[in-house]
Amino acid sequence: GAVVSQHPSRVICKSGTSVKIECRSLDFQATTMFWYRQFPKQSLMLMATSNEGSKATYEQGVEKDKFLINHASLTLSTLTVTSAHPEDSSFYICSAKRPNTEAFFGQGTRLTVV
Amino acid sequence: RKEVEQDPGPFNVPEGATVAFNCTYSNSASQSFFWYRQDCRKEPKLLMSVYSSGNEDGRFTAQLNRASQYISLLIRDSKLSDSATYLCVVNMRGSSASKIIFGSGTRLSIRP
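Procedures and definitions
Residues numbered from 1 in each chain as written. Chains lettered and ligands numbered in written order. Predicted model: local features only at pLDDT ≥ 70, side-chain atom pairs only at ≥ 80, totals over all residues. Heavy atoms only, no water. Helix = DSSP H or I, 4+ residues; strand = E, 2+ residues; numbered from the N terminus. Rg over C-alpha atoms; globule rule 2.2 N^0.38 Å. Buried < 20%, exposed > 50% of the residue type's maximum accessible area, 1.4 Å probe, protein only. Contact = heavy atoms within 4.5 Å. Areas by Shrake-Rupley, 256 points an atom, 1.4 Å probe, with all protein chains shown as cover. Lys, Arg positive; Asp, Glu negative; His and termini not counted. Charge placed at Lys NZ, Arg CZ, Asp CG, Glu CD. Disulfide = S-S within 2.5 Å. Core = buried A, V, L, I, M, F, W, Y, C linked by side-chain atoms within 4.5 Å. Pairing = 2+ DSSP bridges. Salt bridge = Lys/Arg side-chain N within 4 Å of Asp/Glu carboxyl O. Phe/Tyr/Trp six-rings, centres within 6.5 Å; stacked < 30°, edge-to-face > 60°. Lys NZ or Arg CZ within 6 Å of the ring centre and 35° of its normal.

A. Region of the structure containing the overall build of chain B. Broken down by element type, chain B carries zero helices and eleven strands. For chain B, the succession of helices and strands along the chain, N to C, is β-β-β-β-β-β-β-β-β-β-β. The C-alpha radius of gyration computed for chain B amounts to 14 Å, which stays within 12% of the reference 13 Å derived for 112 residues, consistent with globular compactness. In terms of overall dimensions, chain B has C-alpha extents of about 45 × 30 × 20 Å along its principal axes. Evaluated residue by residue, chain B yields a buried proportion of 45% over its 112 residues. Relative to all contacts within chain B whose residues are 6 or more apart in sequence, the contacts with residues 24 or more apart total 57%. Here chain B displays about 5500 Å² of accessible surface, and carbon together with sulfur accounts for 47% of that area. For chain B, the distance from the average site of its 14 positive side-chain charges to the average site of its 10 negative ones is 4 Å.

Okay, structure coming up:
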């Protein structure tokens, strides 16, 4: 199956700093990428949808100025958590898809803000 | 009302049992449907797509009822390795593009 690579898999950062997470589709061109967040024992919550070359569409309650999403090419999307705080500590997962196919997921990034 | 709703469980059943999960979705314009499996602290993995005609893959059977906006997953002859969280996933049409929404997941635990 298609491969989506997400990096880093784990990151610890200090409160107030910014963290960038990369999501790459390795063997297909992803017209759409999704970013999710999962807190412990909770479901995956969609944060935003990004289409290559256009601005991301954020879900209600997700601050677009805090979670910057860039989808500059058909194989790469990045999520930058700006001025991270302990409450941003979570498991972030990206997903990539082409039209009319299932989504493929990255391995996830466990972010811990101390 | 949540866009995708599932019974969170947990379901605790003996090995060899048959277990069924249900899922409902709110957006009638939803386009495609899937069941994913997520193991603890891992990313979700596609289990199977769901079609209106119903589809079967070994011990797993998925069904879709568009009129009732309802999806089901049946697992027969359950194995210990089936223990996981099962996620109902709906690809629905958003305001500007389609988006993929997950249910909260149903936890399944198979006991020897």
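Next, the rest of the story.
B. Highlighting the state of the cysteines. All names here are of chain A. On inspection of all chains with the given rule, the structure shows two disulfides over all chains. The disulfide bridge from cysteine 23 ends at cysteine 94, spanning 2.0 Å between sulfur atoms. In this structure the cystine formed by cysteine 23 and cysteine 94 twists about its S-S bond by roughly 80°; its chirality is therefore right-handed. Here cysteine 94 lies in strand E9 (residues 90-97) and cysteine 23 lies in strand E3 (residues 19-25), a separation of 71 residues in the sequence.

C. Focus on the nonpolar core. Ranked by size, the top nonpolar core spans 39 residues in total, and within it Trp35 and Ile71 of chain B carry the most contacts. The greatest single-element share of this core, amounting to seven residues, is contributed by strand E9 (residues 84-93) of chain B. Met33, Ile69, Val81 and Cys94 of chain A belong to the second largest nonpolar core, which has 25 residues in total.

D. Inspection of the pairing of strand E5 (residues 45-50) of chain B at higher detail. All names here are of chain B. Alignment of strand E4 (residues 32-38) against E5, held across five bridges, turns out to be antiparallel. Paired with tryptophan 35 across the strands is methionine 48, a residue of E5. Connecting the antiparallel pair E4 and E5 is a turn made up of six residues, with arginine 41 showing a positive phi of about 60°.

E. Region of the structure containing the pattern of salt bridges. All names here are of chain B. Using the criterion set out here, one finds nine salt bridges over all chains in the structure. Of the charged contacts, one joins arginine 76 and glutamate 56 as a salt bridge, the two residues approaching to 3.5 Å between their closest N and O atoms. Residue arginine 76 is found in the loop between strand E8 (70-75) and E9, and its partner glutamate 56 is found in strand E6 (residues 55-57); the two are separated by 20 residues along the sequence. Since its relative accessible area comes to 58%, glutamate 56 is described here as exposed. With a shortest N-O distance of 2.8 Å, arginine 59 and aspartate 82 are connected by a salt bridge. Residue arginine 59 is found in the loop between E6 and strand E7 (60-65), and its partner aspartate 82 is found in the loop between E8 and E9; the two are separated by 23 residues along the sequence. Assessed through its relative accessible area of 22%, arginine 59 is described here as partly exposed.

F. Spatial organisation of the packing of aromatic side chains. For the coordinates displayed, the defined rule picks out 13 aromatic pairs over all chains. Between the aromatic rings of tyrosine 36 of chain A and phenylalanine 105 of chain A, the centroid separation amounts to 6.1 Å while the plane-to-plane angle is 45°, which identifies the pairing as tilted. In this pair, tyrosine 36 of chain A sits in strand E4 (residues 32-38) while phenylalanine 105 of chain A sits in strand E10 (residues 104-105), placing the two residues 69 residues apart along the sequence. Taken individually, tyrosine 36 of chain A and phenylalanine 105 of chain A each receive the classification buried, so the pair is uniform in this respect. Summarising the aromatic geometry, the rings of phenylalanine 21 of chain B and tryptophan 35 of chain B are spaced 6.5 Å apart at their centres and angled 45° between planes, so their arrangement reads as tilted. With phenylalanine 21 of chain B in strand E3 (residues 19-25) and tryptophan 35 of chain B in strand E4, this residue pair connects regions lying 14 residues apart in the sequence. No difference in accessibility class separates phenylalanine 21 of chain B from tryptophan 35 of chain B, as the two residues are buried. Against the face of phenylalanine 67 of chain A rests lysine 66 of chain A, its NZ or CZ located 5.9 Å from the ring centre.

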